[in-house]
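Each chain, written out:
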Amino acid sequence: QQQVKQSPQSLIVQKGGIPIINCAYENTAFDYFPWYQQFPGKGPALLIAIRPDVSEKKEGRFTISFNKSAKQFSLHIMDSQPGDSATYFCAARAPPVSGKLIFGQGTTLQVKP
Amino acid sequence: DAGVIQSPRHEVTEMGQEVTLRCKPISGHNSLFWYRQTMMRGLELLIYFNNNVPIDDSGMPEDRFSAKMPNASFSTLKIQPSEPRDSAVYFCASSPLSGVSEQFFGPGTRLTVL
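Parameters and conventions
Residues numbered from 1 in each chain as written. Chains lettered and ligands numbered in written order. Predicted model: local features only at pLDDT ≥ 70, side-chain atom pairs only at ≥ 80, totals over all residues. Heavy atoms only, no water. Helix = DSSP H or I, 4+ residues; strand = E, 2+ residues; numbered from the N terminus. Rg over C-alpha atoms; globule rule 2.2 N^0.38 Å. Buried < 20%, exposed > 50% of the residue type's maximum accessible area, 1.4 Å probe, protein only. Contact = heavy atoms within 4.5 Å. Areas by Shrake-Rupley, 256 points an atom, 1.4 Å probe, with all protein chains shown as cover. Lys, Arg positive; Asp, Glu negative; His and termini not counted. Charge placed at Lys NZ, Arg CZ, Asp CG, Glu CD. Pairing = 2+ DSSP bridges. Axes fitted to C-alpha atoms, helices over the stretch in contact; angles between N-to-C directions. Buried area = accessible area lost by both parts, 1.4 Å probe. Salt bridge = Lys/Arg side-chain N within 4 Å of Asp/Glu carboxyl O. Polar contact = N/O pair within 3.5 Å; in protein donor to acceptor, adjacent residues only side chain to side chain. Nonpolar A, V, L, I, M, F, W, Y, C, P; charged D, E, K, R; others polar.

Caption draft 1: How the structure looks around the overall build of chain A. Helix and strand counts for chain A come out as zero helices and eleven strands. Expected size for 113 residues packed as a compact globule is a radius of gyration near 13 Å; at 13 Å, chain A falls within 12% of this value. Projected onto the principal axes, the alpha-carbon positions of chain A cover approximately 45 × 30 × 20 Å. By residue count, 48% of the 113 residues in chain A fall in the buried class. Of the contacts made within chain A by residues no fewer than 6 positions apart, 54% connect residues no fewer than 24 positions apart. When the accessible surface of chain A is summed, it comes to about 5400 Å², and 51% of that surface belongs to carbon and sulfur atoms. Between the mean site of the 12 positive side-chain charges and the mean site of the 7 negative ones, chain A shows a separation of 5 Å.

Printed below as a string of structure tokens:
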């Protein structure tokens, strides 16, 4: 119940394409869902986050779609660029609220020029 | 702000040796997390501290691993004795205890155990 399942494991798109990464969870007590972006040789960094009372959040070219009833959320990258090539992790805050995050397995995205 | 600082950045050691990884969290952050990242297992939480107190160490793989946080500005993760399967990138992250749960990750320590 504490798991966050992420798919696909890897993704290749052409520049300008819209990669979509999906995550699913079981624990309805999760109350905060961030996405982290990691470049090779670096630590993950927060990209965008959403709370379950909102169905969509957009920041620049990055959008989270959240489906509370299906217990799923996804990351969309509009007009993807080669500089977006990185590993993306979804996560969920574990109850009780403590700051602990449960991370998905990660998706390696390659955007071809 | 310098961000989360980890040292060393790279460590190569031989099986059976003791390894100590160090972390300095962002000043003012009350929570500190140690993660291990491998291709096979992804990003695993090993242990985390709130206000220097260990809260959840259920991710520590075995007794060979130990972590301490003697004060708000310093933490160590020790592996003794090290084994080849401990080879991984170890990240430290910190966050404020209250409010949102954004975790700020350090650059990581790449550990290779021969």
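Caption draft 2: Representation of the sheet that holds strand 3 (residues 20–25) of chain A within the structure. Residues and elements named next belong to chain A. In spatial order, the strands read 1-3-8-7-6; together these five strands make up an open sheet with antiparallel pairing. Two strands bound the open sheet, and with one partner strand each, they are strand 1 (4–7) and strand 6 (56–59). Along the sheet, successive strands turn relative to each other by an average axial angle of 15°, direction set aside. As judged from the four bridges shared by strand 6 and strand 7 (residues 62–67), these two strands associate in the antiparallel manner. Among the inter-strand pairings, Glu59 is bridged to a residue of strand 7, identified as Phe62.

Caption draft 3: Broad picture of the interface of chain A and chain B. Taken together, the contacts link 17 residues of chain A with 23 residues of chain B. Roughly 1500 Å² of surface becomes buried between chain A and chain B when both sides are summed, with 49% attributable to carbon and sulfur atoms. Run the count over chain A and chain B and you get one salt bridge. One salt bridge in this structure joins Asp56 of chain B and Lys100 of chain A, with 2.6 Å as the shortest N-O distance. Our count for the chain A to chain B interface comes out at three residue pairs in polar contact (both at pLDDT 80 or more). Contributing elements (two or more residues each) for the side of chain A that touches chain B: strand 4 (33–38), strand 9 (86–93) and strand 10 (101–103) of chain A. Tallied by class, the residues present in the side of chain A that touches chain B amount to seven nonpolar, six polar and four charged.

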